[in-house]
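What follows is the residue order along each chain.
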Amino acid sequence: MTYLLGLRMQGRDVLVVGGGRVAQRRVPVLVEAGARVTLIAPAVSAALEDLASAGHLTWHHRPYAPGDVAGPDAPAYWLVHAATDDPGVNAAVAEEAEGARVWCVRADDRTASSAWTPASGTAGGITVGVIASGDPRRAAGLRDAVVDGLVDGTLDARRGREPLRGVALVGGGPGDPGLITVRGQQLLSQADVVVVDRLAPTSLLDRLPADVEIVDAAKIPYGRSMTQEDINAVLIDRARRGMFVVRLKGGDPFLFGRGGEEAAACAAAGIPVTVVPGVTSALAAPASAGIPATHRGVAQDVHVVSAHVPPGDERSTVDWAGLARAGGTVVALMGVERVDSITEALISHGRSPDTPVAVVQEATLPGQRTVTGTLATIASSVRSAGVRPPAVVIIGEVVKTARELDILHTGTQFETRRLATGRDLQ
């Protein structure tokens with residue numbers, strides 16, 4: 001039998017003997033908990049060396065020696081980890097710790113340990129620890145199940161806690177519900193009100209309790225839409241009533257998502273705002289189609305632009321002439337319906353008509369598909385293929401590079417798909 005205990009390690013000394021894979025897993029958690037970590041090992045992993053170089057731990061470049069745990073020159077350790085590849089060294093460390101009445105976790109022999117580290121995880125301020133005697137894999141599986149339940153709201157984290165207040169601007173990612181961040185999912189599971197965009201991962205709403213208010217703030221191109229002023233008013237109104245409001249957006253709140261306007265409106269009304277970044281489709285769409293936005297020797301710069309108004313429009317602030325001269329990768333959002341004017345502007349300012357182009361529709365979703373061409377041909381290809389929003393336009397040599405590397409494909413990255421070469425990739 002074991003007695004589970006949560007240790008408050010802030011400012012307390014911990015000794016770790018060994019610098020291999022076990023230490024690499026455990027040291028960052030100790031550092032994050034605020035422990036003063038001393039590491040004794042003749043060699044350590046690159047990650048541990050980086051922590052030492054940054055001053056997050058003290059590394060003694062040598063093997064363990066008797067007296068390191070409880071000798072006259074040793075700090076008063078609260079916890080010891082014996083994590084070398086040598087059972088004899090681990091046994092000596094554990095024996096010295098036992099004699100000094102210091103808890104010791106022995107990595108190679110749990111039956112000889114005076115302490116065990118549980119399979120642990122954190123979600124929404126809750127730390128979960130699981131010990132399954134003799135079966136660490138089962139403990140990890142149970143830990144994952146509990147943490148996942150806290151993250152997605154299946155385990156009701158709203159009960160028995162201090163309710164959250166204010167507004168959270170949450171980036172939901174490019175579309176696939178699995179690409180929302182853990183923090184975003186945690187806050188969504190605790191919402192009293194969700195104000196949701198059309199391009200947000202709306203399937204996540206089905207996991208919420210029935211009493212959560214859902215406000216549809218969709219902006220359909222050339223169709224129905226909720227004005228930004230009305231959206232701001234809803235956020236402020238519900239927050240003033242003491243509700244926790246999640247503004248669930250597609251992509252990232254501050255990349256063409258008008259998150260700055262919403263944050264400013266809440267701030268002016270005295271409403272606290274939390275911003276949770278999201279995976280933007282500007283990078284997710286190329287990646288999901290197998291196109292690297294940058295590639296060594298090909299493109300060292302990426303320019304993300306909004307094409308909700310075409311080049312030449314007085315409302316546009318995009319320097320299309322500069323983009324044509326730059327020669328790097330251009331990613332245009334909200335541009336599929338203006339692809340004619342985009343390509344014409346770049347060609348007229350000197351970009352080669354042969355520059356490769358890809359258009360990715362419904363990136364990361366089951367309906368994803370990719371149409372490729374050049375600046376001279378992509379507009380007609382998009383029309384003949386019937387590409388519709390949401391779609392992302394990627395312009396640059398990286399499209400050609402993806403084809404040459406045999407990683408460009410037309411389906412989603414989560415299914416069997418046919419490469420541009422015609423060969424199936426499993």
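Residues numbered from 1 in each chain as written. Predicted model: local features only at pLDDT ≥ 70, side-chain atom pairs only at ≥ 80, totals over all residues. Heavy atoms only, no water.

Peer 1: Which residues make up the domain arrangement of the chain, and what are the values?
Peer 2: Here the chain is partitioned into domain 1 (13-117), domain 2 (166-276) and domain 3 (282-405). The C-alpha-based centres of domain 2 and domain 3 are spaced at 28 Å. Counting residues at the interface gives 8 residues for domain 2 and 13 residues for domain 3. Carbon and sulfur atoms make up 71% of the area that domain 2 and domain 3 hide from each other, which totals about 770 Å². On the surface where domain 2 and domain 3 come into contact, there are 0 salt bridges. Linking domain 2 with domain 3 are 1 residue pair in polar contact (both at pLDDT 80 or more), by the criterion used here. (Domains from an automatic or database assignment. Contact = heavy atoms within 4.5 Å. Buried area = accessible area lost by both parts, 1.4 Å probe. Salt bridge = Lys/Arg side-chain N within 4 Å of Asp/Glu carboxyl O. Polar contact = N/O pair within 3.5 Å; in protein donor to acceptor, adjacent residues only side chain to side chain.)

Peer 1: Give me the sheet that holds strand S11 (residues 244-249): which residues, what numbers.
Peer 2: Strand order in this open sheet of 5 strands is S10-S9-S11-S8-S12, and the pairing throughout is parallel. Because the sheet does not close on itself, it has two edges, and the strands there are strand S10 (213-216) and strand S12 (273-276). The sheet shows a mean angle of 20° between the axes of neighbouring strands, taken without regard to direction. As judged from the 6 bridges shared by strand S8 (residues 166-171) and S11, these two strands associate in the parallel manner. (Pairing = 2+ DSSP bridges. Helix = DSSP H or I, 4+ residues; strand = E, 2+ residues; numbered from the N terminus. Axes fitted to C-alpha atoms, helices over the stretch in contact; angles between N-to-C directions.)

Peer 1: How would you summarise the pattern of salt bridges if you had to cite specific residues and measurements?
Peer 2: Inspection of the entire model under this criterion finds 15 salt bridges. The residue Arg238 makes a salt bridge to Glu213 at a minimum N-O spacing of 2.9 Å. Taken as a pair, Arg238 in helix H6 (residues 228-240) and Glu213 in strand S10 lie far apart in primary sequence, 25 residues in all. Look at Arg238 and you get buried, because its relative accessible area is 14%. Between Glu362 and Arg388 there is a salt bridge; the shortest N-O distance is 3.0 Å. Residue Glu362 is located in the loop between strand S15 (356-361) and strand S16 (369-374), and its partner Arg388 is located in the loop between helix H11 (378-385) and strand S17 (391-395); the two are separated by 26 residues in the primary sequence. Residues joined in a network through salt bridges with shared partners are Asp197, Arg247, Lys249 and Glu262. (Buried < 20%, exposed > 50% of the residue type's maximum accessible area, 1.4 Å probe, protein only.)

Peer 1: Now, about the pairing of S11: what can you tell me, with residues and values included?
Peer 2: Where burial is concerned, most of S11 is hidden: 6 out of the 6 residues are buried. The alternating pattern of S11 places Phe244, Val246 and Leu248 and Val245, Arg247 and Lys249 on opposite faces, both of which are buried.

Peer 1: How would you summarise unusual backbone geometry if you had to cite specific residues and measurements?
Peer 2: Backbone torsion omega between Pro389 and Pro390 reads 0°, so that peptide bond is classified as cis. The phi torsion at Arg258 lies on the positive side, around 60°, for a residue other than glycine. With respect to the helices, strands and loops of the structure, Arg258 is situated in the loop between S11 and helix H7 (259-268). The backbone of Glu362 shows a phi angle near 50°, a positive value even though the residue is not glycine.

Peer 1: How would you summarise the packing of helix H10 (residues 339-348) against H11 if you had to cite specific residues and measurements?
Peer 2: At a closest axis distance of 9 Å, the pairing of H10 and H11 adopts a crossing angle of 170°. Considering the angle they form, H10 stands roughly antiparallel to H11. In contact with Val339, Asp340 and Thr343 of H10, H11 contributes Ile378, Ala379 and Arg383. Considering only residue class, the contact of H10 with H11 consists of 3 nonpolar, 1 polar and 2 charged. (Parallel < 35°, antiparallel > 145°, perpendicular 65-115°, else oblique. Nonpolar A, V, L, I, M, F, W, Y, C, P; charged D, E, K, R; others polar.)

Peer 1: Tell me about the confidence of the model for the chain, and name the residues and values.
Peer 2: For the chain, the average pLDDT comes to 89, and 92% of its residues sit at 70 or higher. Mean pLDDT in the chain bottoms out at strand S19 (residues 424-425), which sits at 38, and peaks at S8, which reaches 98. Long-range and interchain partners of residues 413-426, a stretch whose pLDDT sits below 50, account for 24 contacts in this model, where long-range means more than four residues apart. (pLDDT = per-residue confidence, 0-100.)

Peer 1: Go over the nonpolar core, please, and point to the residues and values.
Peer 2: The nonpolar side chains of soluble globular proteins are, as a tendency, buried together. One finds Trp320, Ile342, Leu346, Val359, Ile378, Val387 and Ile395 to be the most contacted residues of the largest nonpolar core, which totals 23 residues. For this core, the secondary structure elements donating two or more residues are helix H9 (320-326), strand S14 (329-333), H10, S15, H11 and S17. Residue contacts for Ile395: discarding those within four places in its chain leaves Gly328, Thr329, Val330, Ile342, Leu346, Arg351, Thr355, Pro356, Val357 and Leu375. By size, the runner-up hydrophobic cluster in this structure holds 19 residues, among which are Ala23, Ala35, Leu51 and Val105. (Core = buried A, V, L, I, M, F, W, Y, C linked by side-chain atoms within 4.5 Å.)

Peer 1: An account of the sheet that holds S15 is requested, with residue identities and associated values reported.
Peer 2: Strand order in the open sheet formed by 5 strands is S13-S14-S17-S15-S16, with mixed pairing between adjacent strands. The two strands at the open ends of the sheet, each matched to only one other strand, are strand S13 (302-306) and S16. When the angles between neighbouring strand axes are averaged without regard to direction, this sheet yields 20°. Judged from the 5 bridges that link them, S15 and S17 form a sheet pairing that is antiparallel. Following the sheet pairing, Val357 is matched in S17 by Ile395. Docked against the sheet, H11 engages S15 and S16, running at close to 150° with respect to S16.

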